[in-house]
Every structure is written in structure tokens, then in C-alpha cells.
Amino acid sequence: MFTFLNQGFLSTLIMHMDSSARFAMLIAGIVLCALIGYLLGSLNFALILSGKMYKDDIRKHGSKNAGTTNMMRTYGNKAAGLTILGDMLKAVVAVLLGALILGLYYGGYAAALGCVVGHVFPVFFGFKGGKGVATAAAAILVLNPLAFLCVLGVFLLCVIFTRYISLGSVLGAAVFPLITFYTCFGNKTIASGSGFAFLCAFIIAVIVIVKHHANLSRLAHGTESKFSFKKSKETKK
């Protein structure tokens, strides 16, 4: 990733402290980055747009999920496009801010995890949000482009051959920590914060997969909806 993201300004200050103060500042920095990510993640654009554009709550329709797929099925492609753009942009901003504060492996990954948690449990919307797929994908793009390509490849192949977005999302999420582990520990020199980065990647994957538990149940029973660009017949106009 870009060099300026590898070490944040707070990391430079921490390097000149004694061990106990360094650890305390590191924890404080991680919490700060996670909090910034959480607040940005809580800006759930499916809920914002359904409220502002349609005077409605997307959680009342379709799958009841505040995410891109349900926005497309309920309100159409324009609403879905704006939703995914907003949900991805907030993740990019969160990771960049975290990396600038505490470096990519500590600040960036902490902000990414916070952003996904905020999207799923938004403080501004009663802690009932989406599943974090688009937000996680954008965060992965900034954190680890190689992992993003692998995740995207698995997602696209799955959706193309099965037309199940949920299955593609789950499999893509499962790939993320595996590639993160390889990029963090696959070299002779292990960068500081590699273990923390892998832990965050693992937790993000678990969150996304667990949030798809209902989809996985429907897949097992053969009742899961397949992907379509058409709006639902029950769409409220």
C-alpha cells in the first residue's frame, strides 16, 4: 500500500515513549481509530436515502435489511447505486483517517472494524443496520488490494454461476482473513501490527458471515432469492 499510510503521525510520537506509555498510547490510538470508524459506519446510507428520498424505512421492506440489494429490489437501481457509493466511501474515509493517525496495520484495520460494526449496529438508527458487505469490501480495497481482488473474484464467480449474492458475500468474506494471514505472515519480515491486522480481518469476516445467518438458512432450504435487476412488485412508490 502507499508508503504514507504505513505509519501514522501518532506512531511517530509513540516511538519516543517508554514501554508502558507506548502501550497505553497504542491502545488509546486504536480506540480512537475504531471510534472514528464506528461513527462513520453508523451513517447507513440505505436508511438515510430511504428516509430522505422516499420518506420511508428500507427495514420495512423485502429482506428487512438496510443494504444495497434490498434497496435495489425495493426502490430500483438508482437508489442502490447511491447506497453502495455512500457505504463504500465512508469505509475508505475511515481507513484513510485511521492509517494517518496510527498507521495501516493498527489504525487502518481498527477503523475498518469500527466502520463495519457501525454499519451493522448504527448508533444513529437504533443499532439496526445492514450486513456490512459493501462497507467491508471498500475497507479491504484500501487495506489490502490483493485481498480485495481475491474477495471480488470469489464473489463474482459465485454470483455469476449461482445468482446468489448472499452466498457470494459469505464466501468472499471467508477469503479475506486467509489472504490477510498470507500477506501479513507470508514474508520473512513480519511487520509490526500484523497480528492485530489479522485479528481485525477475522472479526470482520465473522460479522459479515453471521449477519447472513438467515440467508444461509434459506439457502439450505432452497428458498433464498436469486439476484435480479428488477424491483420487487411490492415496492412502495
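A brief structural summary. Residue positions are counted from 1 within each chain, in the order its sequence is given. Thresholds applied to this predicted model are a pLDDT of at least 70 for local features of residues and 80 or more for the giving and counting of side-chain atom pairs; totals over whole chains, interfaces and linings are not thresholded and use all residues. Heavy atoms throughout the structure, all of them, feed into the side-chain values; hydrogens and water do not.

**Quick look at the packing of aromatic side chains**
Where we set the bar: Pairing of aromatic rings covers Phe, Tyr and the six-membered ring of Trp, with a centre-to-centre limit of 6.5 Å; geometry is then stacked below 30 degrees between planes, edge-to-face above 60, and tilted otherwise. Numbering of helices and strands runs from the N terminus, with a helix taken as a DSSP run of H or I at least four residues long and a strand as a DSSP run of E at least two residues long. Buried residues are those whose accessible area, probed at 1.4 Å on protein chains only, stays under 20% of the maximum for their type, while exposed residues exceed 50% and partly exposed ones sit between those limits.
By the definition in use, this model includes 6 aromatic pairs. On the numbers, 6.0 Å between centres and 80° between planes, the contact of Tyr 105 with Tyr 109 is edge-to-face. Of this pair, Tyr 105 and Tyr 109 both sit in helix H6 (residues 77-120), 4 residues apart, roughly one helical turn. Taking relative accessible area as the criterion, Tyr 105 reaches 21% and is therefore assigned partly exposed. Taken together, a centroid distance of 5.0 Å and an interplanar angle of 45° make the contact between Phe 181 and Phe 185 tilted. Of this pair, Phe 181 and Phe 185 both sit in helix H9 (residues 165-185), separated by 4 residues, roughly a single helical turn. A residue is classified by how much of its surface remains accessible, and Phe 181, at 45% relative accessible area, is partly exposed.

**Quick look at the pattern of salt bridges**
To keep it simple, the criterion reads: Salt bridges, as used here, are contacts in which a Lys or Arg side-chain nitrogen is within 4 Å of a carboxyl oxygen on Asp or Glu.
Under the counting rule described, the total for this entry stands at 3 salt bridges. The partner of Lys 90 in a salt bridge is Asp 87, with the nearest N and O atoms 3.2 Å apart. Of this pair, Lys 90 and Asp 87 both sit in helix H6, 3 residues apart, roughly one helical turn. Neither residue differs from the other here; Lys 90 and Asp 87 are each classed as buried. Close ionic contact of Arg 218 with Glu 224 constitutes a salt bridge, the shortest N to O distance being 2.7 Å.

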